[in-house]
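Each chain is listed here by its residues.
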Amino acid sequence: MQRRMRGRGVAASWYGIARTATVDRAGAWAELDDGGTAKVVTGVTEIGEGILTVLAQIAAEELGIRPEDVTIGDNDTARSPEAAHAGATRQTYMIGNSVALACREARARLFAEIAAHWEVDAGALVAFDGELRAQGTNLAMTMAEAVDLCKRRGVVPVGAGHFTAHGTGLNPEDGSGAPWQAYVFGTQVAEVEVDTVTGEVQVLGLWAAHDVGRVINPRGVEGQIEGGVVQGLGQALMEDYQTANGHPVTHGFAKYILPTALDVPEITSILVEDRDPLSPLGAKGIGEPALVPTAPAIINAIHDAVGVRIRSLPATPEKVLAAIAEKQAREAAAAKAAE
Amino acid sequence: MPEMKLEMQVNGRKVMRLADPGQRLLDFLRDELNLTGTKEGCGAGECGTCSVFVDGKLVKSCLMPVAKAQGAEIQTVEGLAKPGELEAIQKAFHKTGASQCGYCIPGMVMAATSVLREAPEASLDEIKERMGGNICRCTGYSKIIEAVALARDVVTGRASPAVLEPETVGESYIGHNVRRLDAPSKVTGRLKYAGDMVMPDMAHMAVLRSPHAHAEIVSIDTSEAEAMAGVACVITAADVPGTDGFGVFVHDQPVMARGKVRHVGEAVAAVAAEDAATARRALTKIKVEYRDLPGLFDPEDALKPGAPVIHDYAPDNMVKHIPIRKGDIEAGFAAADLILEEAFSTQQVEHAYLEPEAGIAYVDHDDVVTVISPSQNITHHRHMLAGILALPINKVRFIMSPVGGGFGGKEDMIYQGMLALAAMKTHRPVRLVFTREESIAASAKRHPSRVTYRMGLTRDGRITAIRFEMLSDGGAYGMSSEGVMRKAAILSCGPYEIENLWIDTRAVYTNNTPSGAFRTFGGMQAQFATESMMDIAAERLGLDPFEIRRRNMMRAGSLTHTQQRLTSASIDRVLEAAEQASRWEPGAPTMRGPMRGDLGGPGTRAPCTLGARFETPKDSKERVA
Ligand code: FES
Ligand code: FES
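Reading the values: the criteria
Residues numbered from 1 in each chain as written. Chains lettered and ligands numbered in written order. Predicted model: local features only at pLDDT ≥ 70, side-chain atom pairs only at ≥ 80, totals over all residues. Heavy atoms only, no water. Helix = DSSP H or I, 4+ residues; strand = E, 2+ residues; numbered from the N terminus. Rg over C-alpha atoms; globule rule 2.2 N^0.38 Å. Buried < 20%, exposed > 50% of the residue type's maximum accessible area, 1.4 Å probe, protein only. Contact = heavy atoms within 4.5 Å. Areas by Shrake-Rupley, 256 points an atom, 1.4 Å probe, with all protein chains shown as cover. Lys, Arg positive; Asp, Glu negative; His and termini not counted. Charge placed at Lys NZ, Arg CZ, Asp CG, Glu CD. Buried area = accessible area lost by both parts, 1.4 Å probe. Salt bridge = Lys/Arg side-chain N within 4 Å of Asp/Glu carboxyl O. Polar contact = N/O pair within 3.5 Å; in protein donor to acceptor, adjacent residues only side chain to side chain. Nonpolar A, V, L, I, M, F, W, Y, C, P; charged D, E, K, R; others polar. Domains from an automatic or database assignment. Core = buried A, V, L, I, M, F, W, Y, C linked by side-chain atoms within 4.5 Å. Pairing = 2+ DSSP bridges. Axes fitted to C-alpha atoms, helices over the stretch in contact; angles between N-to-C directions. Parallel < 35°, antiparallel > 145°, perpendicular 65-115°, else oblique. Left-handed = near helix turned anticlockwise from the far one by under 90°. Phe/Tyr/Trp six-rings, centres within 6.5 Å; stacked < 30°, edge-to-face > 60°.

### Some thoughts on the overall build of chain A
- Each helix and strand in chain A was counted, giving six helices and 13 strands.
- In terms of overall dimensions, chain A is more spread out than a globule: its C-alpha atoms have a radius of gyration of 26 Å, far above the 20 Å expected for 339 residues.
- Along the first, second and third principal axes, the C-alpha set of chain A runs to 95 × 45 × 40 Å.
- Across the 339 residues of chain A, 64% fall into the buried class.
- Counting contacts in chain A only where the partners sit at least 6 residues apart, residues at least 24 apart contribute 73% of the total.
- On chain A, roughly 11200 Å² of surface is accessible, and the fraction owed to carbon and sulfur atoms is 50%.
- For chain A, the distance from the average site of its 28 positive side-chain charges to the average site of its 43 negative ones is 3 Å.

### Considering the interface of chain B and chain A
- Contact residues are listed per partner, giving 138 residues for chain B and 139 residues for chain A.
- Counting the surface lost from both chain B and chain A, the interface buries some 11400 Å², and carbon and sulfur atoms represent 58% of this.
- A salt bridge links E146(B) to R219(A), with the shortest nitrogen-to-oxygen separation between them at 2.7 Å.
- At the junction of chain B and chain A, the tally comes to 73 residue pairs in polar contact (both at pLDDT 80 or more).
- Element by element, the count of residues in the side of chain B that touches chain A is highest for helix α15 (residues 523-541) of chain B, at nine residues.
- A per-class count over the side of chain B that touches chain A returns 61 nonpolar, 41 polar and 36 charged.

### Observations concerning the domain arrangement of chain B
- Its domain assignment divides chain B into domain 1 (4-39 + 48-75), domain 2 (88-169 + 182-191) and domain 3 (318-349 + 446-581).
- Computed from C-alpha atoms alone, the centre-to-centre distance between domain 2 of chain B and domain 3 of chain B is 39 Å.

### Let's talk about the nonpolar core
- Residues I302(A) and F93(B) are the most contacted members of the largest nonpolar core, which totals 268 residues.
- Broken down by element, the residue count for this core peaks at 13 residues, all from helix α2 (residues 91-118) of chain A.
- The contact partners of I302(A), leaving out residues within four places of it in the chain, are V192(A), V194(A), V201(A), L237(A), G307(A), V308(A) and A315(A).
- In this structure, M228(B), A273(B), A279(B) and A282(B) belong to the second largest nonpolar core, which totals 19 residues.

### Some words on the side chain of T562(B)
- Residue placement: T562(B) occurs in the loop between α16 (545-552) and α17 (571-581).
- A distance of 2.8 Å separates a polar atom in the side chain of T562(B) from the backbone oxygen of G177(A).
- Apart from the residues within four sequence positions on either side, T562(B) is in contact with L170(A), G175(A), S176(A), G177(A), P179(A), I324(B) and I490(B).

### So, the pattern of salt bridges
- As enumerated under the stated definition, the model contains 67 salt bridges over all chains in all.
- A salt bridge links E222(A) to K143(B), with the shortest nitrogen-to-oxygen separation between them at 2.8 Å. On the criterion of chain membership, the pair formed by E222(A) in helix α4 (residues 218-237) and K143(B) in helix α5 (residues 142-155) is interchain, its members lying in two chains.
- Take E222(A): its relative accessible area is 24%, and that puts it in the partly exposed class.
- Linking E224(B) and K287(B) is a salt bridge whose minimum nitrogen-to-oxygen distance equals 2.8 Å. You can see E224(B) sitting in helix α7 (residues 223-227) and its partner K287(B) sitting in strand β11 (residues 287-292), a full 63 residues away along the chain.
- Taking relative accessible area as the criterion, K287(B) reaches 44% and is therefore assigned partly exposed.

### Details of the sheet that holds strand β4 (residues 70-74) of chain A
All names here are of chain A.
- Reading across from one edge, β4-β3-β2-β8 is the order of the four strands in this open sheet, with mixed pairing throughout. The two strands at the open ends of the sheet, each matched to only one other strand, are β4 and β8 (158-166). Strand-to-strand twist of the sheet, defined as the mean angle between neighbouring strand axes without regard to direction, takes the value 20 degrees.
- Contacts from helix α1 (residues 51-63) reach β2 (23-33), β3 (37-42) and β4 within the one sheet, and its direction differs from that of β4 by about 125 degrees.
- Contacting β2, β3 and β8, α2 runs over the sheet at an angle of about 145 degrees to β8.

### Overview of the environment of P314(A)
- With respect to the secondary-structure elements, P314(A) resides in the loop between α5 (294-306) and α6 (317-338).
- In sequence terms P314(A) and D274(A) are 40 residues apart; their C-alpha atoms lie 33 Å from each other.

### Some remarks on the packing of α4(A) against α5(A)
Residue and element names in this part refer to chain A.
- Put simply, α4 and α5 touch, their axes get as near as 8 Å, and they point 50 degrees apart. On the basis of their axis angle, the class for α4 and α5 is oblique. Considering only the axes of α4 and α5, their crossing is right-handed. The segment α4 lies against α5, with G228, V229, G232, L233, A236 and L237 engaging T294, A295, I298, I299 and I302.
- Its residues assigned to classes, the contact of α4 with α5 comprises eight nonpolar, three polar and no charged.

### Some details on the packing of aromatic side chains
- Per the counting criterion, the structure on display carries eleven aromatic pairs over all chains.
- Note on Y93(A) and F163(A): the rings are 5.3 Å apart at their centroids and 90 degrees apart in plane angle, and the pair reads as edge-to-face. Of the two residues, Y93(A) is situated in helix α2 and F163(A) in strand β8; the sequence distance between them amounts to 70 residues.
- Residue Y93(A) is classed as buried on the basis of its relative accessible area, which comes to 0%.
- For the ring pair F344(B) and F528(B), a centre distance of 5.9 Å and an interplane angle of 80 degrees mean the geometry is edge-to-face. Of the two residues, F344(B) is situated in strand β13 (residues 338-346) and F528(B) in helix α15; the sequence distance between them amounts to 184 residues. Like F528(B), F344(B) is buried.

### A short note on the domain arrangement of chain A
All names here are of chain A.
- Looking at chain A, the domain boundaries give domain 1 (4-16 + 182-334) and domain 2 (23-164).
- Relative placement of domain 1 and domain 2: their C-alpha centres are 39 Å apart.
- In this assembly, 17 residues from domain 1 lie in contact with 16 residues from domain 2.
- Between domain 1 and domain 2, roughly 1200 Å² of surface is buried when both sides are summed, and carbon and sulfur atoms account for 59% of that area.
- Interface area lost by domain 1 to domain 2 is led by I216, P280 and L281, which between them contribute 44%.
- On the surface where domain 1 and domain 2 come into contact, there are zero salt bridges.
- Summed over the shared surface of domain 1 and domain 2, the number is six residue pairs in polar contact (both at pLDDT 80 or more).

Written as structure tokens, this is what we have:
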């Protein structure tokens, strides 16, 4: 065997969106505010995934203003409506749709007033990027003017929305049930190089194709995929929390090894859109699903490269070397027996 | 505390303080000067979140005693750009979406600034190498490296500054690369995480943790600690006024150990004091008498008859068993041409969010007990804490501070209860910031799993039956184990339509560090086994890995493992997309690597050889193989 051996592996995956085997729900409030800005309030948002920006984009789109004009008030059980938790790949789906519905209600209030003022049908109004116009006419005004007019007519354009995902529990005997109403699928291909002298595995390329329903922010989705892939890579190759009789042995980052910039492959994300028919936005999610196929894709690639199957994670250099040695001993014994 | 007159230039301003010369430069910047953009991710020189410039050199301020910075010129992330402005590197981070939770980002921006100052012509490989001492848990580094390269090109004049400007919107904000609205606050270090927040009259908490994996608490004597000057209060389980118990599914975990400890690192008592050092000193004065109990450290042992019992309510040590049955597996295996039997295991994994747990609690003017913390589930935490404190729901308030990485690890209410109790006992704001070691020992991990797998297939690669059994170590408390087992079971056999299934997932109690929620919630452990099986089967049957997956994949109208009828299934589309993008060369997975023609093309990087990387001449722009 040569010192450096390359190979490729693939793994597919699936995942459910929002809380499992239960009815999931979230709520939000919206107000079109002075100056054509907006306030959106909801119970849970950012844990780093970029949901604040996604919500601002959704609100901007629904209200016809710009994302930077949206102020999000959030994350306070005494000041904002319940939106449950930040997890379960539910933020875009649950909170995103709640915000969209709240904004639609606020917009409908505003449109009703402007339509009455212009004496047109409210259905003819469209707003985008701070401008409001009535289709088929030359009537137009800024959203700042529209809010001002609406308020002078005595109406504050507010809205509330909530979104429900109808999962069902599992039958305790045979597990049957409909745990989620939206599913996503993903496939990743990994290309690795195995150093047969040190046992070190490098992941050189990774292609990640994921259905996200509908892309709200392409870079944000890529960022989730890249982060998920590298967490998956860490679990595949190096991370290992260990205890000895219950005592943590890997108690700091010197002992608990994490991937660094030097371990990262080139990652190519391919975003597939299979829209969710049961929600206003059609978007699903990506946070968790991104890392599901990474480890098996890498492990399958190691097999492709050097012909050993690692069944126990992580595939540390020691484990890979031992597997190669075992394979070589097996082959030598077989060759001898054949003689 | 010995004090010394410390003088230095910080961000271009002369600074003079009488302070402890033994403290770390990191503490001096954060506590004395309120420059909280410099973060503490590890306190041991291993993560880079605390990076600052000292006399122009990038240093880890957690490793430097402040006395060594006497007379030096210090630059922190706050000093990079004028207030309200961004440097090119910060704009580049904003543009590429390089900040996610943001906790590593000030350190990353500092390391990147150092690259641009010291090696403005650095190649991508050199950038990665120079940034290699900075850990990010969120981004996968790709967009960070992209940002550094972009800023490099602007700074060296290879690209116009216009590349740093936002993209103009087309006809919709949906699908548009709107730059992250929170990025400016993260790249400048302005965003305040819980551990950066201070309140007037705030006390500091330290937690006494169990040195035993399983032991009865015979007695706790806090009198000496309570009598210490500077101590505001000591709390134990005895201070809990309501029903003590929290957990995502079963409320089996007390705010602090009650009667016995079940894992090393479990909270036993806590002290609030004038400063953290006093609080830590007071911990040493708390006397706890333990009586060792036999421990359980292997999930298989937990199921043996006569095994020690960890929770009285669960005499069999079972946290949760989820069964799924579909079709007739006997018939399925009988119809198989090939039956594969394998076993797989996955390890316990640390979330390693760069922001250690932190929080502040106070009682407000309306007697509302308020907890500010990076909690991923303020809704549920409020419910549970109201019960623990025996207060009406509207007298408990949770505010979610910016989360410096969660990944499921901040769904468990492992410290907020202590903060609330101390705030109620002292009527002062109380802050707690975990050390990295504390975070690792006390927080939940990804469930380690053992899977035994039996798969039957026809010669043409159709799966006829699967028997899937997974045993997981739930550790000392239930936390999210129930949900993790449920999700693992539902997703176990992958995106394939399989007529005959028999699935069991089980989590058991042991005296190991608890397992809990972690990104994928059991989904990756289960599907690691399934996707390994698919390739093993493909090899045995001489099928291409994509082909065997296609022959079994779910479609619109398929019945899932839980017998849900799917109205759509995009698995065919993602398989095709990955196959095409990677220019996959078809063939059975029989150690084909050496013969493949699709390796090393677009979408791959050059391998790096350890050592050679470090011998690169500074001016080299070549990739080093
Ligand atoms: S390197 Fe200083 S806090 Fe991690
Ligand atoms: S953005 Fe780097 S640790 Fe979160």
